[in-house]
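Per-entry structural report
Residues per chain are reported as follows:
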Amino acid sequence: MKENWLFVVSLAGMTVSAAALMLLIPSLFDSGEQGNFRGIGVLACLAVVFAVGMLYWRPSPSSSDNG
């Protein structure tokens, strides 16, 4: 049961961090503004960490389907 909660938390964390990352990416290409590279880098690292957590804590497949 603990793995299911960790999977759900990792899924939610990846969703939020990836969505914020996608919203900040266009600011890198705006002319005249200094991009916030540190914030974008932190969000990218968080998204990767949560994605790895999702892969590590994913629920095992149900063995009730034998076909």
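A short tour of the structure in this document, coming up. Keep in mind the model is a prediction, meaning the values are calculated, not measured.

1. Re helix 2 (residues 37-56)
Compared with an ideal rise of 1.5 Å per residue, which puts 20 residues at 28 Å, helix 2 spans 28 Å between its outermost C-alpha atoms and is within 8% of the ideal. Regarding helix 2, the residues found buried are I40, L43, A47, G53 and M54. Along the axis of helix 2, the buried positions cluster into a sector of 150 degrees, meaning they face one direction only. Away from its buried face, by an angle of more than 90 degrees, helix 2 presents the exposed residues F37, R38, C45, V48, V49, V52, L55 and Y56.

2. Things to note about the side chain of S17
By the secondary structure assignment, S17 is in helix 1 (residues 2-24). Only 3.3 Å separates the side chain of S17 from the backbone oxygen of M14, close enough to count as a polar contact. Every residue in contact with S17, bar those within four places of it in the chain, is listed here: L43, L46, A47 and F50.

Rules and cut-offs
Residues numbered from 1 in each chain as written. Predicted model: local features only at pLDDT ≥ 70, side-chain atom pairs only at ≥ 80, totals over all residues. Heavy atoms only, no water. Helix = DSSP H or I, 4+ residues; strand = E, 2+ residues; numbered from the N terminus. Expected span 1.5 Å × (residues − 1). Buried < 20%, exposed > 50% of the residue type's maximum accessible area, 1.4 Å probe, protein only. Arc of directions from axis to C-beta. Polar contact = N/O pair within 3.5 Å; in protein donor to acceptor, adjacent residues only side chain to side chain. Contact = heavy atoms within 4.5 Å.

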